[in-house]
Amino acid sequence: MLEKVQNVLDEVRPMLQRDGGDVELVEITADNIVNVRLRGACGTCPGAIMTLKGGIERLMKQRVPEVVAVESVR
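In this text, all values refer to a predicted model and were calculated from it rather than measured experimentally.

Engineer: Got a sec to walk through the nonpolar core? Specific residues and values, please.
Structural biologist: V5, L9, V23, I56, M60 and V70 are the most contacted members of the largest nonpolar core, which totals 19 residues. Elements represented by at least two residues in this core include exactly α1 (2–18), β1 (21–28), β2 (33–40) and α3 (48–63). Beyond its immediate chain neighbours, meaning those up to four positions away, V70 contacts V34, V36, L52, K53, I56, E57 and M60.

The following block contains the structure:
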């Protein structure tokens, strides 16, 4: 599952980097919650929650069905 999660993050990373941001995998919990850290412009952007839930989490759940949620951690 780690490789699948990393592949999804690698897929969305270029879009985030175009806007001066990035995403880093922190951990995958035992209950299949993916914790990520939004970096750069994404870490302080008012739309970061929309990016996280509407973009990263939606794609992650499509590609890796066992993922329950994607959460941002500091």
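Engineer: Requested: an account of the packing of α1 against α3, with residues and values cited.
Structural biologist: At a minimum axis separation of 10 Å, α1 and α3 run at an interaxial angle of 145 degrees. Note on packing geometry: the crossing formed by α1 with α3 is right-handed. Residue-level inspection shows V5, V8, L9, E11, V12 and L16 of α1 in contact with α3, the latter providing T51, I56, L59, M60 and R63. Its residues assigned to classes, the contact of α1 with α3 shows eight nonpolar, one polar and two charged.

Engineer: So what's going on with unusual backbone geometry? Residues and values would help.
Structural biologist: For N32, which is not a glycine, the phi torsion comes out positive at approximately 65 degrees. Here N32 is to be found in the loop between β1 and β2. Given a relative accessible area of 24%, N32 falls into the partly exposed group.

The rules behind these values
Residues numbered from 1 in each chain as written. Predicted model: local features only at pLDDT ≥ 70, side-chain atom pairs only at ≥ 80, totals over all residues. Heavy atoms only, no water. Core = buried A, V, L, I, M, F, W, Y, C linked by side-chain atoms within 4.5 Å. Buried < 20%, exposed > 50% of the residue type's maximum accessible area, 1.4 Å probe, protein only. Helix = DSSP H or I, 4+ residues; strand = E, 2+ residues; numbered from the N terminus. Contact = heavy atoms within 4.5 Å. Axes fitted to C-alpha atoms, helices over the stretch in contact; angles between N-to-C directions. Left-handed = near helix turned anticlockwise from the far one by under 90°. Nonpolar A, V, L, I, M, F, W, Y, C, P; charged D, E, K, R; others polar.

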